[in-house]
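Residue-level structure breakdown
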Amino acid sequence: MMSADRDAALEATRALPGIPVDADGPVFREPWEAHAFAMAVTLHARGLFSWPEWAAALAEEISHAQAAGDADCGDTYYRHWLATLERLVAEKGVTNSATLARYREAWDHAADRTPHGKPIELRPEDFAG
């Protein structure tokens, strides 16, 4: 990890208590969790939102999920992180819900055709359907 990236990740872990960490920094169970984390750190660095704004939106997302029955065992933390990211980019006008849904469906299509253990790559045909 480059120094600037590491510094940004460490800033996020200090600003947002509750991020799973170890002595080396944030801990991720799946690669997509690291990607979601990196997207949020990058968008914060670009000024899209402050960490207090992010923390409030994430807390709201987690609260809604708990009210809907999420047992909050820690295994859904980055699902809430991703949902918060999607909501904030739509609210801030970076994209809209329809575009997010279009990419989510394309990603699902790409994941279905990709052998386990191989990187998932979006292709134009993933958006066809």
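Residues numbered from 1 in each chain as written. Predicted model: local features only at pLDDT ≥ 70, side-chain atom pairs only at ≥ 80, totals over all residues. Heavy atoms only, no water.

1. Some thoughts on a nonpolar patch on the surface
A surface patch of nonpolar side chains, about 300 Å² in accessible area, is lined by Y103, W107 and L122. Within the secondary structure, W107 is located in helix α5 (residues 97-113). (Patch = residues over 30% accessible without salt bridge, like charges linked within 9 Å, V, L, I, M, F, W, Y side chains within 5 Å. Areas by Shrake-Rupley, 256 points an atom, 1.4 Å probe, with all protein chains shown as cover. Salt bridge = Lys/Arg side-chain N within 4 Å of Asp/Glu carboxyl O. Helix = DSSP H or I, 4+ residues; strand = E, 2+ residues; numbered from the N terminus.)

2. Focus: the pattern of salt bridges
Evaluated as defined, the whole model comprises 7 salt bridges. A salt bridge links D126 to R113; the nearest nitrogen and oxygen atoms lie 2.7 Å apart. Separated by 13 residues along the polypeptide, D126 in the segment after α5 and R113 in helix α5 bring together distant segments of the chain. The shortest N-O distance in the salt bridge between E125 and R123 comes to 3.7 Å. Relative accessible area serves as the criterion here: at 40%, R123 is assigned to the partly exposed category. Taken together, the salt bridges that share partners define one network made up of E60, R87 and E91. (Buried < 20%, exposed > 50% of the residue type's maximum accessible area, 1.4 Å probe, protein only.)

3. Some words on the nonpolar core
Within the largest apolar cluster, 24 residues are counted, with the highest numbers of intra-cluster contacts made by I19, F37, F49, W51, W54, Y77 and W81. Put simply, the parts of the chain that give this core at least two residues each are α1 (3-15), α2 (31-45), α3 (51-67) and α4 (77-91). What I19 contacts, discounting residues up to four positions off in sequence, is A12, T13, P26, F37, Y77, Y78 and W81. (Core = buried A, V, L, I, M, F, W, Y, C linked by side-chain atoms within 4.5 Å. Contact = heavy atoms within 4.5 Å.)

4. Thoughts on the packing of α3 against α4
Where α3 contacts α4, the two axes come as close as 9 Å, and the packing angle between them is 120 degrees. Classed by the angle they form, the pair α3 and α4 counts as oblique. The two elements α3 and α4 cross, and the hand of that crossing is right-handed. Packed against α3, whose contacting residues are E53, W54, A57, L58, E60, E61, I62 and A65, the element α4 presents Y77, H80, W81, A83, T84, L85, R87 and L88 at the interface. Broken down by class, the residue content of the contact of α3 with α4 amounts to 10 nonpolar, 2 polar and 4 charged. (Axes fitted to C-alpha atoms, helices over the stretch in contact; angles between N-to-C directions. Parallel < 35°, antiparallel > 145°, perpendicular 65-115°, else oblique. Left-handed = near helix turned anticlockwise from the far one by under 90°. Nonpolar A, V, L, I, M, F, W, Y, C, P; charged D, E, K, R; others polar.)

5. A word on the environment of L85
Position of L85 among the secondary structure elements: in helix α4. By relative accessible area, which is 5% here, L85 ends up buried. Spatially, the C-alpha atom of L85 lies 9.2 Å from that of F37, the residues being 48 residues apart in sequence. Among residues more than four places away in sequence, those in contact with L85 are A36, M39, A40, L43 and W54.

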